[in-house]
Amino acid sequence: MNAPLTPAPISPVEDIIADIRAGRMVILVDEEDRENEGDLVLASDHVSAEAINFMAKYGRGLICLTLTRERCEYLKLPPMAARNGTVYSTNSLDEVYDYDLLPSWDDLAADKLNYARSFNVQQQNMDPITGHRLVEPYPNSVYVVQNPPSATLTTDEMDEVAELPYARDWHPDYDAAGGVPAFAEIKFSISSNRGCFGECSFCALTFHQGRVLQMRSHDSIMREAELLTRDPEFKGYINDVGGPTANFSRPACDKQIKHGVCKNKRCLWPSVCKNMVVDESGYTQLLRDLRQLPGVKKVFVRSGIRFDYTMADASDEFLRELLEHHVSGQLRVAPEHVSDAVLSVMGKPSRAVYDAFCRKFERLNREYGLKQYVVPYLISSHPGSTMKEAVDLAEAVRDMGYMPEQVQDFYPTPSTMSTCMYYTGIDPRTMQEVYVARDPHDKALQRALLQWGRGDKRSLVIEALEKTERTDLIGFTPDCLIRPVKGEKYFGLKPEERQQPPKKKKDGRPPKPEHARPHRQKIRHCKSLQP
């Protein structure tokens, strides 16, 4: 066992300079109240491959080289801070131009509305063509400058990056831990694109990769697939071909290439834009060619598809190819919820679109004589989801004949609109209030409703039904979620005795009678595979 490290004293400046002159590597540290980090420093006259490898392996940061102005100009290297895609801090805005001023740090800390406004401005400026430079003031005359995003990659650039001589293995540092468990899945998967114009509220991909779809060439993807087939561990199965969204294979519209994305409009929400060019033919042909490669038994599509994009396609060619050759019994898609109010907050298509997709999927499966099933991803306690919407979701799960084994409960993650809503209680698109379930117990109730059939969730489900005055769902009729047991207060009650009287509206008027409620629309789902 290595001896414990003891803090080393700070060396005098004279000793540091002497060590650098002698070709030794030194560590320079910042003041604790500044960045509180260290840098490995070595005189350029003594740089060697071994030294650079040491810095890369143990420093794990940027490796910087000091150059004169003349050398930079000769190499045509512009200042990094002036380039798009970078963020830097400065004490003066004298040389910062064409910028939008965001609320200051003090303003953000004082009022959550300012945070929502600031987020919306950032959301509107994440395109390399239409995006502006943004400046956020901080105390002590510090400004953080965010340049517009870097330009989207061309197809040639995408190919070049994808076909670098990667090791195609985990880093040796993970050997001691037995490797990376998820590696087996991704080792024989192919990334075909980056960027996403789906722009779900809970996803940060549009911040990271942009809304403009960037695609590798058909030939580049085929070359990578051929490389996979030569791997000794390849068993004939390509686990995935896709990216953020598998069936996006071109920009949403031709306008985006020259003029950038729309600042105040989304491509797929609340409905498919009239300027959208829906074309899945390139991806369809790619899948066909991949499964014809020698040594390939099956090609799966596991990245996830946007079913609303597929429904907007006038051709069924892609969906037919998908279900006939690239689905192994279950197709996972992401409606996320069934309440149109919650779906609107999520930036997802309405429930009717998902129902129509399921009907088409079922019809085509019958046509091909296949027994395959749509399995939905669902999210509980997303901003906008009250306990009422959670009960609606539970009833939809009941109507599917499907009991989720795992549930995705919403938690805030960086750079998403949903996280902004979670923190502020405001939808930054409209600046209107939105309900947010923050209390851990309330979140547990919403999550339990999605798994109402589990015994360990029983008491939580009953509590949620009581809170929403839906104890009509406790009983022995087919539409009930909970069957009462002997000793419980609902055991033996008649249906009309189980339901608590609904509260009056705020205006004092009684609610509409039960028969006036609209008939519950069943969500479309095939018979469950689960017992």
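Residues numbered from 1 in each chain as written. Predicted model: local features only at pLDDT ≥ 70, side-chain atom pairs only at ≥ 80, totals over all residues. Heavy atoms only, no water.

Colleague: Please explain the pairing of strand β6 (residues 142–146) as it appears in this structure.
Modeller: Each regular strand carries side chains that alternate between the two faces of the sheet. As defined by bridge partners, strand β3 (residues 87–90) adjoins β6 across 4 bridges and the pair is classed as antiparallel. Paired with Tyr88 across the two strands is Val145, which belongs to β6. Two strands pair when backbone bridges link them, and strand β5 (residues 133–138) and β6 are joined in this way by 5 bridges, in the antiparallel orientation. Bridging from a neighbouring strand, Val135 pairs with Val145 of β6. (Pairing = 2+ DSSP bridges. Helix = DSSP H or I, 4+ residues; strand = E, 2+ residues; numbered from the N terminus.)

Colleague: Even after reading the chapter, I still don't get helix α6 (residues 155–162), so can you show me in this structure?
Modeller: Spacing of three or four residues puts side chains on the same side of an α-helix, whose turn is 3.6 residues. Inspection of α6 places Met158, Asp159 and Ala162 among the buried residues, and these make up the whole buried set. The arc that holds the buried residues of α6, viewed along the axis, is 100°, so those residues lie on one side. Turned more than 90 degrees from where α6 packs its buried face, Asp156 and Glu160 sit exposed. Against β8 (193–194), β9 (214–215) and α9 (218–229) lie the buried residues of α6. (Buried < 20%, exposed > 50% of the residue type's maximum accessible area, 1.4 Å probe, protein only. Arc of directions from axis to C-beta. Contact = heavy atoms within 4.5 Å.)

Colleague: Help me understand α9, please; the structure alone is not making it clear to me.
Modeller: A rise of 1.5 Å per residue sets the reference length of α9, with its 12 residues, at 16 Å; its end C-alpha atoms lie 17 Å apart and thus fit the reference within 8%. Within the sequence span of α9, burial applies to Ser220, Ile221, Met222, Glu224, Ala225 and Leu228. For α9, the secondary structure elements touched by its buried residues are α6, α7 (183–187), β7 (189–191), β9, β10 (237–238) and α11 (281–291). (Expected span 1.5 Å × (residues − 1).)

Colleague: I tried to follow the sheet that holds strand β15 (residues 408–409) on my own but got confused; where do I start?
Modeller: Backbone-to-backbone hydrogen bonds pair the strands of a sheet. The strands run either parallel or antiparallel. Pairing is parallel in the open sheet, where 3 strands are placed in the order β13-β14-β15. Each of the sheet's edge strands pairs with one partner strand only, and the pair in question is β13 (330–336) and β15. Of the strand pairs in this sheet, β13 and strand β14 (residues 373–380) are connected by 5 bridges, and their pairing is parallel. Counted as the bridge partner of Glu336 is Leu378 from β14.

Colleague: Help me understand the pattern of salt bridges, please; the structure alone is not making it clear to me.
Modeller: Oppositely charged side chains can form a pair if their charged atoms are brought close together. Taken as a whole, this structure holds 25 salt bridges when the rule is applied. Arg250 serves as the salt-bridge partner of Asp254, at 2.8 Å between the closest nitrogen and oxygen. Residue Arg306 is joined to Asp308 by a salt bridge in which the shortest nitrogen-to-oxygen separation is 2.8 Å. Each member of the pair Arg306 and Asp308 is classed as buried. Connected via shared salt-bridge partners are Glu395, Arg398, Asp399, Arg470 and Asp472. (Salt bridge = Lys/Arg side-chain N within 4 Å of Asp/Glu carboxyl O.)

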